[in-house]
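# Notes for the structure review
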Amino acid sequence: MSNLTTSEVKVNKSGQRIVSPDYLLFEAPREKFFMTGSEAVKEAVKRASVDASVSYPITPQSEAAHLIGELWVEGYVGVYFRGESEFGVMSEVAGCALAGARTITTTSGPGTLRAFENFPMWAGTRIPVQLVLMARGVNAPLSIQPDNLEVGFLLDTGCMIWYAENAQDLFDMILAGFVVAEKPAVHVPLITVVDGFFVSHTREAIMIPPDDIALPPYDPTKAPMPVIDLEVPPGRFLRDPFVMKSNYISYATHASWQFEVRAAIERSRPYAKHYLRGLIEEFGNPEAEIVFVAAGTAASQAKEAVRMLKDEEGIEAKVVKLKTLRPFPYEELRASVKNAKYIFVPEFNVVGWMEREITKWLYGYSNAKIIGAPRVAGGMTMPAEVIVKEVLNYIKVR
Amino acid sequence: MAKLGPSGFSPYPVAIIDKVLNPPPGKALLFDEFVDEEVAMREAAKAMLTRENPTIFPGPQVLYAWSEDAKKKAKQVKELAQVLNAKIIPMYDYRPKYPKINPEVEINPNHPNLTIWHNNIKACIFIGVHCHYANVALKIIRAETDCFTIAMCSLEGHEDAMITLRDQHPEELDKFIEIAKQVKAELGK
């Protein structure tokens, strides 16, 4: 058995040279490729020293899960298998992570809901699993088209939630995600969201570093709970059972435990700021009174609307793109909308969970009118023209 | 605010309520302020030497000889207890225990207040407790007791303790023992 510590290991199990996360994300030379979001997932996983992945072939992420399987064949992923159901997958993922494996999986839409009980369980057991969620509609009626309603359901599971706008974001977030999620003081799951089909199935230019370098392996000895190891104390008998009967513990323990999971998300802020180069991104005129606050492809469409408003109507506007939802970048958002008179929140769902979030965090901090529009769902697209029209109509009647 | 308890009915997470986070490398946290490690160590020693029934709560990471560091730390904890005139009550098992723990001889993260109340502990040091369980316990202790909590963590620290010292390895423990001896001499204890 090797006595090498993580810092002394120069190559991972796949023979890739281990480099620092900063080098991999910020310094390594990059080359341009033309690929789908699913292929971007594969390329990120290839460079992430992943130990285990479990898959279930739900649309639209099946291609990504399939491609991770190809990585297993190629020797880049330690363990790969297919679960019996979405619930099974998310449970098996937990098992891999509890045993100290860096683990990733993917899902979307109704599969997310079928597996749902596992997400707060992941958070409560402090496993740094990464779930790539390619958001899609939730039935009924059954939809396999883009819609991000399920993201609203996931907001308070105790998982970190990051939102990628495009394949480039997705690639970088998957790599950064492992680094942040595995910090000992953080160590909660990360759900990396991307809009299904719009990003998963379309090709775009993406800059990626060479595939002979990879992240340092996960070090489970720094986990905030003992990793399950039946041979070696102190891990041998110290894990709590997942179901803790209330007569064995104080009720305050359960409350404290839940607070601790949320505190862990707070502790991720400085790391996420570093590895994502900020929790928000601004586009357009910084002083604009018309502001779009959005995430994912809604932010992409809003950027185009900003260009159209300026070029065709002479109206200044800007986009505040939220890269993280948990932790929510409330300080950055409040600062970025200080000049705003109108805040539009374009969303790909019917309920407006993003508008609710924005309204909550800006309450008492902004006098701007918050408008939850435009709102499309069920697979509809959100043309930039629709966003522009929404703004013009709103301004015109006032 | 992040101050000595009891803070109220519900466990108190300073990261959420007060936005207090762990100190950066090289620094320590004293309530809600980043200070030099030596300053925090002096305050920690002072609290242990001046408050009633100071107690060290060692966890599995120093109770089991799972690494060379753990073996060294176990001996250092005993020495530290002597210097600080402190008792040692182990947190040796994180599992809930039915019907309840014996607060004379153990502390459990699921109801740490029982041990603190029973022994009237007014200052304590967490060392070798896995971060999650330390954090769960520290939030309850601040809510329900007036115990001055000190965390000596080998990783990033515990903002829920009144004093948190991060990256604490045998070398740092030696430093703390020396500072504790100085403070003890200054206080004439």
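Per chain, the residues get numbers from 1 upward, laid out in the order the sequence is written. Whichever chain is written first becomes A and whichever ligand is written first becomes 1, with later ones labelled in order. Confidence filtering applies because this is a predicted model: local features only for residues at pLDDT of at least 70, side-chain atom pairs given and counted only at 80 or more, and all residues used for totals across whole chains, interfaces and linings.

Counting from the N terminus, the helices are DSSP H or I runs at least four residues long and the strands are E runs at least two residues long. For chain A, the count of helices and strands is 14 helices and 16 strands. The atom set for the radius of gyration is the C-alpha atoms, and the globule formula is 2.2 Å times the number of residues raised to the power 0.38. For 398 residues, the compact-globule estimate of 2.2 N^0.38 gives 21 Å, and the C-alpha radius of gyration of chain A, at 21 Å, lies within 12% of that figure. Taking all 398 residues of chain A together, 53% fall into the buried category. The contacts in chain A between residues at least 6 apart in sequence include a share of 81% that link residues at least 24 apart. Whether a residue is buried, exposed or partly exposed follows from its count of other C-beta atoms within 10 Å of its own C-beta, namely 20 or more, 12 or fewer, or something in between, respectively; the C-beta atoms are built from the backbone. In this description, any two residues whose backbone-derived C-beta atoms lie within 7 Å of each other are considered to be in contact.

Neighbouring strands of a sheet are bound in pairs by backbone hydrogen bonds; such pairs are parallel or else antiparallel. Residue and element names in this part refer to chain B. Whether two strands pair depends on DSSP finding at least two bridges between them. Judged by pairing direction, the sheet is mixed, and its seven strands sit side by side in the order β2-β1-β7-β6-β5-β3-β4 without closing on themselves. Two strands lie at the open edges of the sheet, namely β2 (33-36) and β4 (87-88), each paired on one side alone. Taken together, the five bridges between strand β5 (residues 123-127) and strand β6 (residues 148-152) define a ladder with parallel strand orientation. Across the sheet, residue Phe126 finds its bridge partner in β6, namely Ala151.

A separate point is the interface of chain A and chain B. Listed as interface residues are 27 residues of chain A and, on the opposing side, 29 residues of chain B. Note on residue categories: nonpolar means Ala, Val, Leu, Ile, Met, Phe, Trp, Tyr, Cys or Pro, charged means Asp, Glu, Lys or Arg, and polar means any other residue, Gly included. Here the side of chain A that touches chain B is built from residues that sort into 17 nonpolar, three polar and seven charged.

The pLDDT value expresses, per residue, how confident the predictor is, ranging between 0 and 100. Looking at chain B, the pLDDT average stands at 96 and 99% of residues meet or exceed 70. Here the predicted complex scores 0.95 on pTM and 0.96 on ipTM.

Attention now goes to the domain arrangement of chain A. All names here are of chain A. For the domains described, the bounds stem from an automatic or database domain assignment. Taken domain by domain, chain A comprises domain 1 (6-221) and domain 2 (281-397). Here the C-alpha centroids of domain 1 and domain 2 sit 28 Å apart. Tallying contributions element by element places strand β7 (residues 160-163) first for the side of domain 1 that touches domain 2, with four residues. Classifying every residue of the side of domain 1 that touches domain 2 gives 13 nonpolar, six polar and three charged.

All names here are of chain A. For Arg269, the position within the fold is in helix α10 (residues 269-275). Residue Arg269 is classed as buried on the basis of its C-beta count, with 20 C-beta atoms lying within 10 Å. As for Arg269 and Arg326, which are separated by 57 residues in sequence, their C-alpha atoms are 9.1 Å apart.

Take the sheet that holds strand β4 (residues 79-82) of chain A next. All names here are of chain A. Reading across the sheet, the seven strands line up as β4-β3-β5-β6-β8-β7-β14 and stay open at both edges, with mixed pairing between neighbours. The sheet terminates laterally at β4 and β14 (324-326), the two strands that pair on one side only. Strand after strand, the sheet turns through a mean of 20° between neighbouring axes, direction not considered. Of the pairings in the sheet, the one linking strand β5 (residues 103-107) to strand β6 (residues 130-135) comprises four bridges and is parallel in character. The residue bridging Ile104 from the neighbouring strand is Gln130, located in β6. Where helices are involved, their axes are fitted lines through C-alpha atoms of the stretch in contact, as for all axes, and angles between N-to-C directions lie from 0 to 180°. Contacts between helix α8 (residues 167-181) and the sheet are confined to β6, β7 and β8 (190-195), with β8 contributing the most and set at about 170° to the helix.

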